[in-house]
Amino acid sequence: MHVVMVAAENDRLPNCKVGGVADVIRDIPYALATQQVRCSVIVPDYGQYALNRTFVADIAVPFKQHLETATLWRVASDAGVDQYVVSHSLFSQHDGAIYCNDGDQPFATDANKFALFCAAVSELLEHTMIGPVDVLHLHDWHAAVVAVLKTFSPRFVNLKQIKTVYTVHNLALQGIRPFKHDDSSLESWFPTLSYDGSQICDHVYPHCFNPMRAAISLSDKVHLVSPTYCQEVQLSSDHERGFFGGEGLEHDMQAADRTGRLAGILNGCTYDASSDEATDISLHQYCDLAEQALFVWMANGGTLKPAHYIAHQRVIQWRQQSVFRRPLITSVGRLTDQKALLLRQPKDGQLILDHVAALINEYGGVLVILGSGDPHLEYLFTQVMARNENVLYLQGYGQALGDHLYTLGDLFLMPSSFEPCGISQMLAMRAGQPCLAHQVGGLRDTITHGETGFLFGGDNLSEQAEQLLECLGQALDIHRDDPQKYLEIKANAGAQRFSWGTIASQYIEKLYE
């Protein structure tokens, strides 16, 4: 069986990762290869000319009333997996950035880029440039146009014979663009394409093309990245109550479920000898690493950010302590409302994050947060750090900084409002750090309350915030008053295995066969 995976990100390649989809594309092909499934992975090259790559073929691509030429390159071939990139000048704009922020025209630049990429992939599959293909596996909206061309363009005869699987990693980003009258629109890209708009239009904006809905409607199988999330997306979202479900596509998910096309399969995590070895580093040494990172961030910035200055002062202050305070509560991830909506909720004139810090302080502990993202959330987190001496907020990211927090921490904080699967909780648990998490999506599927970590719920934002604080208090009580039980929870967390080998078997059974 030959499976071709098409995506925007791939962490097997340098500078080709933004989010968790890159981790999946990095790992699952090799897990499938151990079960006699040959895999090919195709992503844009984003202008990375320094890649060690071998020319495969030029691809003639009809696009925007021109015949464009893209080029297919093989980057690597090992262990039953072939890594490919497609190059074109459109992919190398914006200094190699994978995604662009278009402000008042959401997705416009990215949609142009990924529409051309999908057209190139469709052509190379049609002309069997990488051999016969049994299953075409598309990931997120960036690859969805392949399903549209496969279904509606009469030019693609061989492509129509290939079974198509579509994985939704992030339902919050659907890539919606107009059907026409815009430079970044379906009819601008493919002016001769005849299509059924009722299958691929957006429900809220019916004059617009919704790539994600199109792929859900047109694919043979639809995959959600955890069993719980697979159920959640069939329900309507209610943001006021703090519930994130189908985000307007719940009826399409229900239709896929009724026809037996919907499957929820958890993402996995790697467990090798190096990942299981706890790094021998003290908390004072972590402060040294943080200081080094802060110096780099400050040197690279045009002006000194308040977050960096306050964080540096905090590092100096903490390093002067003869004994580092415990428990150490950690959090690693991009600052978005998905991750931090509950933490920014108001309570008694402060933010919930202030109350989290105050509660941790009652137990003599500290809170270290690593991440950047939404400028408003960065501002709020900086303000919380300024108000609470037991908080260190590092506004940026570094692989070593994150890895050490997984091994050093006593409790990992992950109060996501929604989490299709989540990888941070798996990394923390792999290192033997229990998690405190919202019982949604993949968090619910990977954490058992009171055994491998701590879960909270609530029917609205206010209840969720209150239960977050209550659950945090319960975890801190056990840590202080029953250290033996806490050690058992840590050991249980570290013993959990969400291996890609097991998950690959489910891919084959539920998606490919």
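Residues numbered from 1 in each chain as written. Predicted model: local features only at pLDDT ≥ 70, side-chain atom pairs only at ≥ 80, totals over all residues. Heavy atoms only, no water.

As annotated in an unreviewed UniProt entry, the protein carries the name starch synthase and comes from Pseudoalteromonas rubra.

Q: Would you mind showing me how to read the nonpolar core here?
A: What tends to happen in soluble globular proteins is that the nonpolar side chains get buried as a cluster. Counting 82 residues, the largest nonpolar core has Val356, Leu394, Leu436 and Phe454 as the members making the most contacts within it. Looking at which element gives the most residues to this core, the answer is helix H18 (residues 461-481), with nine residues. Both domains that furnish three or more residues to this core are identified here as domain 1 (2-268 + 501-512) and domain 2 (283-497). Every residue in contact with leucine 436, bar those within four places of it in the chain, is listed here: Leu411, Phe412, Leu413, Met414, Pro415, Phe454, Phe456, Leu468, Cys471 and Leu472. Val4, Tyr46, Leu125 and Leu218 belong to the second largest nonpolar core, which has 73 residues in total. (Core = buried A, V, L, I, M, F, W, Y, C linked by side-chain atoms within 4.5 Å. Buried < 20%, exposed > 50% of the residue type's maximum accessible area, 1.4 Å probe, protein only. Helix = DSSP H or I, 4+ residues; strand = E, 2+ residues; numbered from the N terminus. Domains from an automatic or database assignment. Contact = heavy atoms within 4.5 Å.)

Q: It is not clear to me how the side chain of glutamine 174 should be interpreted in this structure. Could you clarify?
A: Tracing the chain through its elements places glutamine 174 in the loop between strand S7 (163-168) and strand S8 (177-178). Look at glutamine 174 and you get buried, because its relative accessible area is 7%. In terms of polar contacts, glutamine 174 uses its side chain to reach the backbone carbonyl oxygen of leucine 171, at 3.1 Å. Ignoring any residue separated from it by four or fewer positions in sequence, one finds glutamine 174 in contact with Phe107, Trp141, Asp202, Asn210, Pro211, Met212, Glu247 and Leu249. (Polar contact = N/O pair within 3.5 Å; in protein donor to acceptor, adjacent residues only side chain to side chain.)

Q: So what exactly am I meant to see when it comes to the pairing of strand S5 (residues 81-87) here?
A: The side chains of a regular strand alternate, residue by residue, between the two faces of the sheet. Along S5, seven of the seven residues are buried, which leaves the element largely enclosed by surrounding structure. Residues of S5 alternate between two faces, with Val81, Gln83, Val85 and Ser87 on one and Asp82, Tyr84 and Val86 on the opposite face, all of them buried. Bridge count between strand S2 (residues 38-44) and S5: six bridges; the pairing is parallel. Looking at S5, one finds that valine 43 is bridged to valine 85. Bridge analysis of strand S4 (residues 66-78) against S5 gives seven bridges, and the strand direction is antiparallel. Bridging across to S5, threonine 71 finds its partner in serine 87. The loop that links S4 with its antiparallel partner S5 comprises two residues; one of these, alanine 79, has a positive phi angle of about 55 degrees. (Pairing = 2+ DSSP bridges.)

Q: Just to check I follow, could you spell out the packing of aromatic side chains for this structure?
A: Each aromatic ring pair is summarised here by two numbers: the centre-to-centre distance and the angle between the ring planes. Enumeration over the complete set of coordinates arrives at 15 aromatic pairs. Seen from their ring centres, tyrosine 99 and phenylalanine 114 are 6.2 Å apart, and the 50 degrees between their planes marks the pair as tilted. Placement of the pair is tyrosine 99 in the loop between S5 and helix H2 (108-126) and phenylalanine 114 in helix H2, with a sequence separation of 15 residues. Residue tyrosine 99 is classed as partly exposed on the basis of its relative accessible area, which comes to 27%. Consider the rings of phenylalanine 454 and tyrosine 486, whose centres lie 6.3 Å apart with planes at 20 degrees: the pair is stacked. One end of the pair, phenylalanine 454, is in strand S19 (residues 453-456); the other, tyrosine 486, is in helix H19 (residues 483-495), and 32 residues separate them in sequence. Assigned by exposure class, phenylalanine 454 and tyrosine 486 land together as buried. Among the aromatic residues, those joined into a ring-pair cluster are Phe63, Phe179, Trp189, Phe190, Tyr195 and Phe209. (Phe/Tyr/Trp six-rings, centres within 6.5 Å; stacked < 30°, edge-to-face > 60°.)

Q: Is there a simple way to think about the sheet that holds strand S16 (residues 391-394) in this case?
A: Strand pairs in the sheet, formed through backbone hydrogen bonds, run parallel or antiparallel to each other. Spatially, six strands are ordered S16-S15-S12-S17-S18-S19 in an open sheet, and the strand pairing comes out parallel. Either end of the sheet is taken by a strand with one partner, and the two such strands are S16 and S19. Sheet twist, expressed as the average angle between the axes of neighbouring strands with direction ignored, equals 20 degrees. Here helix H14 (residues 375-387) sits on the sheet and contacts strand S15 (366-370) and S16; the angle it forms with S16, its principal contact strand, is near 150 degrees. (Axes fitted to C-alpha atoms, helices over the stretch in contact; angles between N-to-C directions.)

Q: Whenever I open this one, the domain arrangement of the protein confuses me. Can you help?
A: By a widespread convention, an interface's size corresponds to the accessible area lost as its parts come together. Taken domain by domain, the protein comprises domain 1 (2-268 + 501-512) and domain 2 (283-497). Placing the centre of domain 1 and that of domain 2 at their C-alpha centroids yields a distance of 33 Å. If you look at the interface, domain 1 gives 18 residues, while domain 2 gives 17 residues. Roughly 1400 Å² is buried in total at the junction of domain 1 and domain 2, and carbon and sulfur atoms are behind 61% of that figure. The largest share of the area that domain 1 buries against domain 2 comes from Thr228, Arg241 and Phe244, three residues that together contribute 33% of it. Remark: the boundary between domain 1 and domain 2 carries zero salt bridges. The element that contributes the greatest number of residues to the side of domain 1 that touches domain 2 is helix H7 (residues 227-232), accounting for four residues. In terms of residue class, the side of domain 1 that touches domain 2 is built from six nonpolar, eight polar and four charged. (Buried area = accessible area lost by both parts, 1.4 Å probe. Salt bridge = Lys/Arg side-chain N within 4 Å of Asp/Glu carboxyl O. Nonpolar A, V, L, I, M, F, W, Y, C, P; charged D, E, K, R; others polar.)

Q: Before we go on, may I ask you to explain the side chain of threonine 382 in this structure?
A: Within the element layout of this structure, threonine 382 appears in helix H14. Using a relative accessible area of 7% as the deciding quantity, one classes threonine 382 as buried. Within the structure, the side chain of threonine 382 is placed 2.7 Å from the backbone oxygen of glutamate 378, a separation counted as a polar contact. Ignoring any residue separated from it by four or fewer positions in sequence, one finds threonine 382 in contact with Pro306, Ala307, Ile310, Tyr393 and Gln395.

Q: Mind showing me how you'd approach the sheet that holds S4 here?
A: The nine strands lie next to each other as S3-S4-S5-S2-S1-S6-S7-S10-S11, forming an open sheet whose pairing is mixed. Edge positions in the open sheet fall to strand S3 (54-63) and strand S11 (262-264), since each of these has one partner strand only. Looking at each pair of strands side by side, their axes are set apart by 25 degrees on average, direction ignored. Sheet strands in contact with helix H6 (residues 211-218) are S7 and strand S10 (221-224), and its direction is about 135 degrees off that of S7.

Q: Can you help me understand the packing of helix H10 (residues 283-300) against helix H11 (residues 306-319) in this one?
A: Any two packed helices are characterised by how steeply their axes cross, that is the angle between the axes, and by the distance between the axes. Direction vectors running N to C along H10 and H11 enclose 155 degrees, while the axes themselves pass 10 Å from each other. By the angle between their directions, the pair H10 and H11 is classed as roughly antiparallel. As for how H10 packs across H11, the hand of that crossing is left-handed. Residues His284, Cys287, Asp288, Ala290, Glu291, Leu294, Phe295, Trp297 and Met298 of H10 pack against His308, Ala311, His312, Val315, Ile316, Trp318 and Arg319 of H11. When the residues that make up the contact of H10 with H11 are grouped by side-chain class, the tally is 10 nonpolar, three polar and three charged. (Parallel < 35°, antiparallel > 145°, perpendicular 65-115°, else oblique. Left-handed = near helix turned anticlockwise from the far one by under 90°.)

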